[in-house]
Amino acid sequence: MEWQIRAIRGATTVAENRVEAIREAVTELLDELEERNQLEPTAILSVTFSVTRDLDVIFPAAIARSRPLWDSVAMLDVQQMHVEGSLQRCVRFLIHAYLPTSAPIHHIYLRQAAKLRPDWGLPQTLQTSQPVIKTKA
């Protein structure tokens, strides 16, 4: 089986700027990422988390580091560029991991972040990447 470095994208939204709310949303996002992509944390090279400027009480990487085997993953938190009218209270990630070249990639967009990639809400027949779009109030 051939392996290569692959990128996985995803995002979610948070109900409010509280540690508990952010922890819940980030945990849900990473749980879905691992499950849908059959991804072991030991295969992850790096993760960049970005948050909108209205989320500032905890770093998503601090939440991820508390997960089993995530403490040795290189992670970076950055603030998403603000664009007037853009989605609020949003956490995004870009993950680079070693994965089989034949494995489909499932990009994860949860809650209101599903609006970021409405094109991935349609069946993907010509691409190897299969997004997961879930909405939750």
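Residues numbered from 1 in each chain as written. Predicted model: local features only at pLDDT ≥ 70, side-chain atom pairs only at ≥ 80, totals over all residues. Heavy atoms only, no water.

## Looking at the UniProt feature "binding site: prephenate" (unreviewed entry) in the protein chain
Next, step 1: Per the UniProt record, "binding site: prephenate" (unreviewed entry) is found at Arg9, Arg92 and Tyr109. A maximum C-alpha distance of 8.8 Å places the annotated residues, which cover 101 residues in sequence, within one compact spot.
Next, step 2: For Arg92, the location among the structural elements is in strand S4 (residues 90-100).
Next, step 3: Here Arg92 is in contact with Gly10, Ala11, Thr48, Phe49, Ser50, Thr52, Gln80 and Leu116, once residues within four sequence places are set aside.
Next, step 4: Structurally, Tyr109 can be placed in strand S5 (residues 108-109).
Next, step 5: Overall, Tyr109 belongs to the buried group, its relative accessible area being 3%. (UniProt positions renumbered as here; feature names shortened; annotations may be inferred. Helix = DSSP H or I, 4+ residues; strand = E, 2+ residues; numbered from the N terminus. Contact = heavy atoms within 4.5 Å. Buried < 20%, exposed > 50% of the residue type's maximum accessible area, 1.4 Å probe, protein only.)

## Section: the side chain of Thr13
Next, step 1: When you line up the elements, Thr13 lands in strand S1 (residues 3-13).
Next, step 2: Separated by 3.2 Å, the side chain of Thr13 and the backbone nitrogen of Gln112 make a polar contact.
Next, step 3: Setting aside residues no more than four positions away along its own chain, Thr13 makes contact with Ala25, Leu87, Gln88, Arg89, Cys90, Leu110, Arg111, Gln112 and Ala113. (Polar contact = N/O pair within 3.5 Å; in protein donor to acceptor, adjacent residues only side chain to side chain.)

## Observations concerning the nonpolar core
For soluble globular proteins, the rule of thumb is that nonpolar side chains tend to be buried together.
Next, step 1: If you look at the biggest cluster of nonpolar residues, it comprises 30 residues, and the most contacted ones within it are Leu33, Val47, Phe49, Trp70, Phe93 and Ile95.
Next, step 2: Of all elements in the fold, only helix H1 (19-37), strand S2 (44-51), helix H2 (60-65) and S4 reach the threshold of two or more residues within this core.
Next, step 3: Per-element accounting of this core gives the leading share, seven residues, to H1.
Next, step 4: In contact with Trp70, not counting residues within four places along its chain, are Leu30, Leu33, Glu34, Pro41, Ile44, Val47, Ala64, Arg65, Met75 and Ile95. (Core = buried A, V, L, I, M, F, W, Y, C linked by side-chain atoms within 4.5 Å.)

## Section: the pairing of S2
Next, step 1: Where S2 meets S4, seven bridges bridge the pair, whose relative direction is antiparallel. The residue bridging Ser46 from the neighbouring strand is His96, located in S4.
Next, step 2: Across six bridges, the pairing between S2 and strand S3 (residues 74-79) is parallel. Bridged to Phe49 within S3 is Asp77.
Next, step 3: Read from S2 through H2 to S3, the crossover connection turns out right-handed. (Pairing = 2+ DSSP bridges. Right-handed = clockwise from strand over helix to strand, strands pointing away.)

## As for unusual backbone geometry
Next, step 1: Positive phi outside glycine occurs at Gln38, with the angle close to 45°.
Next, step 2: In this structure Gln38 comes out as exposed when scored by relative accessible area, which is 71%.
Next, step 3: Even without being a glycine, Arg111 presents a positive backbone phi close to 55°.
Next, step 4: Its location among the elements puts Arg111 in the loop between S5 and strand S6 (132-133).
Next, step 5: Residue classification places Arg111 among the buried positions, given a relative accessible area of 6%.

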